[in-house]
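# Close look at the chain arrangement
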Amino acid sequence: MSVAFFSGAESFKQQWPLISDKLDQILDEGKFTNGPAVQELERTLEVFTGAKHCVAVGNATDALIIMLRAAGIGAGDEVIVPCYSFFASASSIAHVGATPVFCDINPSTYMIDVEQIEERITSRTKAIMPVHLFTHMADMNAINRIAHKHNLLVLEDSAEAISMFHEGQHAGLIGNAGVISFFPTKTLGAIGDAGLILTNDDSIALEARRLRIHGQDEGTPYIHHSVGYNSRMDDIQAAVLLTRLQFLQREIARRAYLAASYNSMLADIPQVSTPIVESRGDEAANAVYYVYLIETEKRDELVGYLNSQGIGTEVYYPHPLHLQPCFSHLNYQEGDMPAAERAAQRAVGLPLYPDLTEEQVSKVCGQIRHFFEKEV
Ligand SMILES: *Cc1c(COP(=O)(O)O)cnc(C)c1O
């Protein structure tokens, strides 16, 4: 029995009759980008998240770039961002001409270390970009407090954070704006690329709607208020997402159930730790398990062994952003961000998705146990 790192085949097969009805409608209507299904998705997600505005775009990398530009971030500005994230958190900042100023993570939550934000603020700092990674949100109370004190924007990389709520507010709406990714492996996945900007700010929403179609207003084509992008969502993706949204809460509950199985099966393997699970205690009930992450000393050897047994893994993230070749001009050195650098060598995500069976979880844990027993 092999265990893929990700597979959505079974749920798709079950949901396909509903999706295909919706696709027939789209084919009949003949509007394939930014059409009725995309608009329906925007309105539906406004209700789901409580956002005043949802703006659908091609993917969440574009959503980050468009969000930053719509919020007025540009050349000469600095944005404080954790160095432990998916590349797009930092590349989006560079794309709009601003400079990412990297911050280390708190080693037990994997989120930006809020204690280190203030010392990085300069006269050029315009925004903080917290990233909500894997299961929970960053410490938004502390981040908003710092932002308020220094008059900074808070632009959330909430790409992984659909259905994560903080004191009743959906991720992306706690600061000034946020994004969601519908990349196929994400908690709510399309069958291709798709992304979203969400905000309660009218002017960010207006500018984001312009930027996604070459800086023009929807009613008046060929007049370009800004130099924008071509980043439309496909109606096919919107149809898939509208259908899958009906199953989202059930799938999130399934993810939590499987994560709890991992917790109990891994609990007595001393070489494996789950810092994120352990650090969140009371908040565990609010977790949305996009990724199940473990830490271990012999990470690379374990990954090699699991892969040889047909078990998929994904190393999140093997190279912290401050050490990426494309940012070498920013002059960060190895050792600058010890918590992130340590995590980059020790962390690995195990298979976790609604289609996964308990037998598969048990096989993964059995093989992890076997690996460490072999070791001693
Ligand atoms: C997935 C992800 C993105 C990018 O999303 P795409 O839709 O693939 O462009 C950005 N930031 C984080 C933290 C992500 O996990």
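Residues numbered from 1 in each chain as written. Predicted model: local features only at pLDDT ≥ 70, side-chain atom pairs only at ≥ 80, totals over all residues. Heavy atoms only, no water.

Going by what an unreviewed UniProt entry lists, the chain is known as DegT/DnrJ/EryC1/StrS family aminotransferase and is assigned to Paenibacillus zeisoli. Within the UniProt record for the chain, the comment given under Sequence similarities (unreviewed entry) is "Belongs to the DegT/DnrJ/EryC1 family." (UniProt positions renumbered as here; feature names shortened; annotations may be inferred.)

Of the regular secondary structure elements, the chain holds 12 helices and 14 strands. Overall, the chain is about 70 × 55 × 35 Å in size when its C-alpha atoms are taken along their principal axes. For the chain, buried positions account for 58% of its 376 residues. Excluding contacts between residues fewer than 6 apart, the proportion of contacts in the chain whose partners are at least 24 apart in sequence is 72%. One way to put it: in the chain the 28 positive side-chain charges average out to a point 1 Å from where the 47 negative ones average out. (Helix = DSSP H or I, 4+ residues; strand = E, 2+ residues; numbered from the N terminus. Buried < 20%, exposed > 50% of the residue type's maximum accessible area, 1.4 Å probe, protein only. Contact = heavy atoms within 4.5 Å. Lys, Arg positive; Asp, Glu negative; His and termini not counted. Charge placed at Lys NZ, Arg CZ, Asp CG, Glu CD.)

Quick look at the site of the ligand now. Close to the ligand lie 13 residues, the nearest being Thr61, Asp157, Glu160, Ser181 and Lys186. Between an oxygen atom of the ligand and a main-chain N or O atom of Ala60, the distance comes to 2.9 Å. Between the ligand and Ser181, the relevant distance is 2.7 Å, taken from an oxygen atom to a side-chain nitrogen or oxygen of the residue. Residue composition of the shell around the ligand, by class: six nonpolar, four polar and three charged. (Near = heavy atom within 4 Å. Polar contact = N/O pair within 3.5 Å; in protein donor to acceptor, adjacent residues only side chain to side chain. Nonpolar A, V, L, I, M, F, W, Y, C, P; charged D, E, K, R; others polar.)

This part covers the pattern of salt bridges. When the charged atoms of two side chains with opposite charge come close together, those side chains can pair. Applying the stated rule across the entire model yields 18 salt bridges. A salt bridge links Asp268 to Arg369, with the nearest nitrogen and oxygen atoms 3.2 Å apart. Pair noted here: Asp268 is in the loop between α8 (248-266) and β12 (272-273) and Arg369 is in helix α12 (residues 358-375), with a separation of 101 residues, a long-range link. Counted as one network, the salt bridges with shared partners bring together Glu42, Arg43, Glu46, Arg209, Arg212 and Glu218. (Salt bridge = Lys/Arg side-chain N within 4 Å of Asp/Glu carboxyl O.)

In this section: the sheet that holds strand β1 (residues 53-57). Pairing is mixed across the open sheet formed by seven strands, whose spatial order is β1-β9-β8-β5-β4-β2-β3. What marks the edges here is a single partner per strand, and that holds for β1 and β3 (99-103). Neighbour-to-neighbour, the strand axes of the sheet open up by a mean angle of 25°, direction not taken into account. With respect to the sheet, helix α2 (residues 36-49) is in contact with β1 and β9 (195-199), its orientation differing from that of β1 by roughly 140°. Lying over the sheet, helix α4 (residues 88-95) contacts β2 (78-82) and β3, oriented at roughly 150° with respect to β3. (Pairing = 2+ DSSP bridges. Axes fitted to C-alpha atoms, helices over the stretch in contact; angles between N-to-C directions.)

Looking now at unusual backbone geometry. A negative phi angle is the norm for most residues apart from glycine, just as the trans form is the norm for most peptide bonds. A cis amide bond, omega -15°, links Tyr316 with the succeeding residue Tyr317. The residue Tyr317 is located in the loop between α10 (299-308) and α11 (338-346) in this model.

Split into domains, the chain comes out as domain 1 (14-245) and domain 2 (248-375). Of note, the centres of domain 1 and domain 2, computed from C-alpha atoms alone, are 25 Å apart. Contacts between domain 1 and domain 2 engage 39 residues on the former and 34 residues on the latter. With both chains or domains summed, domain 1 and domain 2 bury close to 3300 Å², and 64% of this area falls on carbon and sulfur atoms. (Domains from an automatic or database assignment. Buried area = accessible area lost by both parts, 1.4 Å probe.)

Let us now look at the UniProt feature "active site" (unreviewed entry) in the chain. Cross-referencing UniProt, the feature "active site" (unreviewed entry) maps to Lys186 in the present numbering. Note that Lys186 resides in the loop between β8 (177-181) and β9. Taking relative accessible area as the criterion, Lys186 reaches 14% and is therefore assigned buried. If we ignore the near neighbours within four places in the chain, the residues touching Lys186 are Ala159, Glu160, Ser181, Arg255 and Tyr290.

Along its 19 residues, α8 runs 27 Å from first to last C-alpha, staying within 8% of the 27 Å computed at 1.5 Å per residue. For α8, the set of buried residues is Leu248, Glu251, Ile252, Arg255, Leu258, Ala259, Ser261, Tyr262 and Leu266. (Expected span 1.5 Å × (residues − 1).)

What follows is about the nonpolar core. Ranked by internal contacts, the top residues of the largest apolar core, which has 104 residues, are Tyr84, Tyr110, Ile117, Phe134, Ile143, Phe182 and Met233. When residues of this core are assigned to their parent elements, the largest contribution, eight residues, is made by helix α3 (residues 60-70). If you count residues domain by domain, this core takes at least three from each of domain 1 (14-245) and domain 2 (248-375). The contact partners of Tyr110, leaving out residues within four places of it in the chain, are Tyr84, Ile105, Leu133, Phe134, Pro275, Ile276, Leu293, Glu295, Ala343 and Ala347. One finds Ala259, Ile269, Tyr305 and Val361 within the second-largest nonpolar core, a separate group that totals 27 residues. (Core = buried A, V, L, I, M, F, W, Y, C linked by side-chain atoms within 4.5 Å.)

A few words on the packing of α2 against helix α7 (residues 235-245). In a pair of packed helices, the angle between the axes and the distance between the axes together describe the arrangement. Look at α2 against α7: their axes get within 8 Å of each other, and the N-to-C directions meet at 35°. Helix-helix and strand crossings are classified by hand; for α2 and α7 the assignment is left-handed. Taking contact as the criterion, the partners of Pro36, Ala37, Val38, Glu40, Leu41, Thr44, Leu45 and Phe48 in α2 are, on α7, Asp235, Ala238, Ala239, Leu241, Leu242 and Leu245. Considered class by class, the residues forming the contact of α2 with α7 number 11 nonpolar, one polar and two charged. (Left-handed = near helix turned anticlockwise from the far one by under 90°.)

Let us look at the environment of Val288. As for its placement among the helices and strands, Val288 is situated in the loop between α9 (275-280) and β13 (292-296). In the structure, Val288 is positioned 152 residues away from His136 in sequence and 6.7 Å away in space, judged by C-alpha atoms. Look past the residues within four positions of Val288 in its chain and what remains in contact with it is Phe134, Thr135, Ile162, Ser163, Met164, Thr187 and Ile252.

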